[in-house]
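The primary structure of each chain is shown beneath.
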Amino acid sequence: MQEYITKNEKETIKLGKKLAASINTGSIIAIAGDLGSGKTVFVKGIAEGLSINDHITSPTFTLLHSYEGMDATLHHFDVYRVLDERELFEIGFYEYLHSGDICVIEWAELICDLIPSHAIWVHIERTLNDVNERRITIEGMNEA
Ligand code: ADP
Ligand code: MG
């Protein structure tokens, strides 16, 4: 497990980019953290790292946004509002996980039983030091 402290949004984006540089097609990234902790900011970094230039927003109501990059396709889930597993079946969640594309799941801790065991887990939390400081742990990242 690696632990990082980021002091602002920019540093969290940079860390997302670093993670993107270490993943492969088919990687699944499960992101846990409270509302406003910086999950979507982290996904922005991942997207940047994959050379995806789209504007990244939380798919809070649609559950899923997909982005096509030059080299990779990114499926970005936000499962905060998912009420039951059937909803995930309906949007093809499991097919996406096995599609060979890169999948990122915000609020993954809410469905941790459904996350494949090979997923990379990212935990983001605020610290008591500063409103803009975050402690970010990453489990399962390949060392570059
Ligand atoms: P979430 O997706 O977890 O609900 P967002 O990524 O949408 O959260 O929002 C995080 C908010 O916190 C943004 O407004 C961002 O500017 C702010 N922020 C402040 N410091 C940081 C930091 N170190 N890392 C990420 N976001 C930060
Ligand atoms: Mg979000």
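Look above for the structure.
Residues numbered from 1 in each chain as written. Chains lettered and ligands numbered in written order. Predicted model: local features only at pLDDT ≥ 70, side-chain atom pairs only at ≥ 80, totals over all residues. Heavy atoms only, no water.

Colleague: Outline the state of the cysteines, listing residues and values.
Modeller: On inspection of all chains with the given rule, the structure shows zero disulfides. Cysteine Cys-103 is unpaired, with the sulfur of Cys-112 as its nearest cysteine sulfur at 17 Å. For Cys-103, a relative accessible area of 0% gives the class buried. Given a relative accessible area of 42%, Cys-112 falls into the partly exposed group. (Disulfide = S-S within 2.5 Å. Buried < 20%, exposed > 50% of the residue type's maximum accessible area, 1.4 Å probe, protein only.)

Colleague: Quick rundown of the packing of aromatic side chains? Include the residues and the values.
Modeller: Overall, the coordinates contain five aromatic pairs when judged by the stated rule. Between the aromatic rings of Tyr-80 and Trp-107, the centroid separation amounts to 4.5 Å while the plane-to-plane angle is 35°, which identifies the pairing as tilted. Taken as a pair, Tyr-80 in the loop between strand 4 (73-78) and helix 3 (85-90) and Trp-107 in the loop between strand 5 (102-106) and strand 6 (120-126) lie far apart in primary sequence, 27 residues in all. For Tyr-80, a relative accessible area of 40% gives the class partly exposed. An aromatic cluster is present here, built from Phe-77, Phe-89, Phe-93, Tyr-94 and Tyr-96 joined pairwise through their rings. Stacked on the ring of Trp-107, the Lys or Arg Lys-39 has its end atom at 4.3 Å from the ring centre. (Phe/Tyr/Trp six-rings, centres within 6.5 Å; stacked < 30°, edge-to-face > 60°. Helix = DSSP H or I, 4+ residues; strand = E, 2+ residues; numbered from the N terminus. Lys NZ or Arg CZ within 6 Å of the ring centre and 35° of its normal.)

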